[in-house]
Amino acid sequence: MSTRARVAVLVGTRGRGSNMANLVAAGREGRMAGDVVLVVAPREDTTARRAAEELGVPTAVLPPRDPDYAARLTEALREARTFIVCLAGYMTLLPVEILHEWPDRVLNIHPALLPRHGGKGMYGHHVHEAVLAAGEPESGATVHLVTERYDEGAILVQERCPVEPGDTAETLAARVLACEHRIYPEAVNLVVDRHS
Ligand code: GRF
């Protein structure tokens, strides 16, 4: 691809927006072959949406419960001439229309080594608590393609990190987050390469 990929980031209600901000920075600093052109949030008052606004990235507010959500989201993504959709803290299943219009170009990041510790209800501290409870020697982050089911699409990039003695969900989450920030721009680059 000769031009830079246009990336839309879909955030959720709970996240801080750190992956979104990292993708914005990666584009601006030339670490990623694309630029974040739109951030879509479910509510006006989310931390991630505010962070995007402060970074000067256009935002849209689209509540997934809206009966016209699929059509509105499609329209917003089309208007922004989106090439890649990145989910970052997005909590609901994506309308299938989006997966059809952006085939193999919708990515998600998960704070564990999929296929372990994924699926419905596995987000945030729940994931890290499950990793600790299972006595895993390591954890990490995964970027994968999005399908109609939670956390099941093809894995694009994974980075591993150790689980340290005495780790809590918080200390493990911080170590995993550093992995997330390294691999998400890398995964976008991989998808851009595949479609060039
Ligand atoms: C990240 O841990 C990501 O793996 C998960 O949701 C969290 C979002 O964090 N899908 P942030 O809002 O990007 O800081």
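Scroll up for the structure.
Please read these numbers as outputs of a predicted model, since none were measured by experiment.

All right, on to the sheet that holds strand β4 (residues 84-88) then. Ordered in space as β3-β2-β1-β4-β5-β6-β7, the 7 strands form an open sheet in which the pairing is mixed. The open sheet is flanked by β3 (59-61) and β7 (155-162), the only strands paired with a single partner. Neighbouring strand axes in the sheet, compared pairwise and without regard to direction, differ in orientation by 20° on average. Taken together, the 5 bridges between strand β1 (residues 5-11) and β4 define a ladder with parallel strand orientation. Its bridge partner being in β4, Val9 is matched across the sheet by Cys86. Strands in contact with helix α1 (residues 18-28) are β1, β2 (34-41), β4 and β5 (106-110); relative to β2, the strand with the most contacts, it is inclined by about 155°.

Moving on, we get to helix α6 (residues 169-194). Helix length check: α6, at 26 residues, gives a terminal C-alpha distance of 35 Å against a target of 38 Å (1.5 Å per residue), a fit within 8%. A maximum bend of about 25° is found in α6 at Ile183, where proline Pro185 lies one to four positions downstream.

Time to look at the pattern of salt bridges. According to the stated counting rule, one finds 13 salt bridges in the structure shown. The salt bridge involving Arg4 is made with Asp35; its shortest N-O contact spans 2.8 Å. Taken together, the positions of Arg4 in the segment before β1 and Asp35 in strand β2 put the pair 31 residues apart, joining distant regions of the chain. Among the residues examined, Arg4 registers a relative accessible area of 38% and is labelled partly exposed. Looking at Asp35, the relative accessible area reads 27%, which means it is partly exposed. Notably, a salt bridge pairs Asp68 with Arg72, separated by 4.0 Å at the nearest N-O pair. Linked by salt bridges that have partners in common, Glu44, Arg49 and Glu53 make up one network.

Bringing the site of the ligand into the picture now. The environment of the ligand is made up of Gly15, Arg16, Gly17, Ser18, Asn19, Gly89, Ile109, His110, Pro111 and Glu180. Between an oxygen atom of the ligand and a main-chain N or O atom of Gly17, the distance comes to 2.7 Å. Between the ligand and Asn19, the relevant distance is 2.8 Å, taken from an oxygen atom to a main-chain nitrogen or oxygen of the residue. If you list the elements that add at least two residues to the shell around the ligand, you get α1 and β5. Split by residue class, the shell around the ligand holds 2 nonpolar, 6 polar and 2 charged.

What follows deals with the packing of aromatic side chains. Applying the stated rule across the entire model yields 0 aromatic pairs. When the ring centre of Phe83 is taken as reference, the NZ or CZ atom of Arg105 above it lies at 4.4 Å.

On to the packing of α1 against α6. As a packed pair, α1 and α6 sit with axes 10 Å apart at the nearest point and diverge in direction by 45°. The angle between α1 and α6 places the two elements in the oblique class. Helix-helix and strand crossings are classified by hand; for α1 and α6 the assignment is right-handed. Touching Ser18, Asn19, Asn22, Leu23 and Ala26 of α1 are Leu177, Glu180, His181, Tyr184, Pro185 and Val188, all from α6. Its residues assigned to classes, the contact of α1 with α6 shows 6 nonpolar, 4 polar and 1 charged.

This paragraph deals with α1. With respect to burial, α1 is a largely interior element, 8 of its 11 residues being buried. Among all positions in α1, only Ser18, Asn19, Met20, Asn22, Leu23, Val24, Ala26 and Gly27 are buried. Turning to α1, the residues buried within the fold contact β1, β2, α2 (47-54), β4, β5 and α6. Count one or two residues on from α1 and you reach Gly30, which has phi positive near 80°.

So, how was this worked out
- Per chain, the residues get numbers from 1 upward, laid out in the order the sequence is written.
- Only residues with pLDDT of at least 70 are given local features in this predicted model, and only at 80 or more are side-chain atom pairs given and counted; all residues enter the totals for whole chains, interfaces and linings.
- Excluded from the side-chain calculation are hydrogens and water; included are all heavy atoms of the structure.
- Whether two strands pair depends on DSSP finding at least two bridges between them.
- Numbered from the N terminus, helices here are DSSP runs of H or I no shorter than four residues, and strands are runs of E no shorter than two.
- For helices, the axis comes from a line fit to the C-alpha atoms of the stretch in contact; other axes are also lines fit to C-alpha atoms, and the angle between any two N-to-C directions lies between 0 and 180 degrees.
- Only heavy atoms enter the contact rule, under which two residues are in contact if any of them lie within 4.5 Å.
- Each helix should span, by expectation, one fewer than its residue count multiplied by 1.5 Å.
- To obtain the bend at a residue, axes are fitted to the seven residues ending there and to the seven starting there, and the angle between these axes is taken.
- Just to be clear on terms, a salt bridge is a Lys or Arg side-chain nitrogen sitting within 4 Å of an Asp or Glu carboxyl oxygen.
- Each residue gets one of three labels from its accessible area relative to the maximum for its type: buried under 20%, exposed over 50%, partly exposed in between, using a 1.4 Å probe on protein chains only.
- Nearness of a residue to a molecule or strand requires only that one of the residue's heavy atoms be within 4 Å of it.
- As used in this structure description, the phrase polar contact means that two N or O atoms lie within 3.5 Å; if the pair is within protein, one of them must be able to donate a hydrogen and the other to accept it, and residues adjacent in sequence are counted only when both atoms belong to side chains.
- Each residue is assigned to one of three groups, with Ala, Val, Leu, Ile, Met, Phe, Trp, Tyr, Cys and Pro labelled nonpolar, Asp, Glu, Lys and Arg labelled charged, and all others, Gly among them, labelled polar.
- Between 30 and 60 degrees the pair is tilted, below 30 it is stacked and above 60 it is edge-to-face, where a pair is any two Phe, Tyr or Trp rings, Trp via its six-membered ring, whose centres lie within 6.5 Å.
- Criterion for a charge above a ring: Lys NZ or Arg CZ within 6 Å of the ring centre, and within 35 degrees of the ring normal.
- Throughout, the term roughly parallel applies to angles under 35 degrees, roughly antiparallel to angles over 145, roughly perpendicular to angles from 65 to 115, and oblique to all others.
- The hand of a helix crossing depends on one turn: near helix anticlockwise from the far one by less than a right angle means left-handed, and clockwise means right-handed.

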